[in-house]
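# Understanding the architecture of this molecule
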Amino acid sequence: MTDKVVKSPADGQLFTRPAAVASCLGFILIGMLQALNGPAVPGLREQYGLTPSGRGWA
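Residues numbered from 1 in each chain as written. Predicted model: local features only at pLDDT ≥ 70, side-chain atom pairs only at ≥ 80, totals over all residues. Heavy atoms only, no water.

### Considerations on the overall build of the chain
A count of helices and strands for the chain gives 3 helices and 0 strands. Counting from the amino terminus, helix and strand elements in the chain follow one another as α-α-α. The buried share among the 58 residues of the chain stands at 0%. When the accessible surface of the chain is summed, it comes to about 5600 Å², and 65% of that surface belongs to carbon and sulfur atoms. (Helix = DSSP H or I, 4+ residues; strand = E, 2+ residues; numbered from the N terminus. Buried < 20%, exposed > 50% of the residue type's maximum accessible area, 1.4 Å probe, protein only. Areas by Shrake-Rupley, 256 points an atom, 1.4 Å probe, with all protein chains shown as cover.)

### Brief notes about the environment of S53
Within the secondary structure, S53 sits in helix α3 (residues 52-57). Of the polar contacts made by the side chain of S53, one reaches the side chain of T51; its length is 3.2 Å. (Polar contact = N/O pair within 3.5 Å; in protein donor to acceptor, adjacent residues only side chain to side chain.)

Shown next, in the form of structure tokens:
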């Protein structure tokens, strides 16, 4: 009796295609959120008296 090794299509790949697409979309979403939050920082610093280190924590 001989054993047959069956390989899946994902053998040798670090990520599957859907996982790679999802991670790319996640990075795009994070970049969009950063772009939207950036202009709001000076107003928040004035309104709440945030220091630069406090802004980083926020």
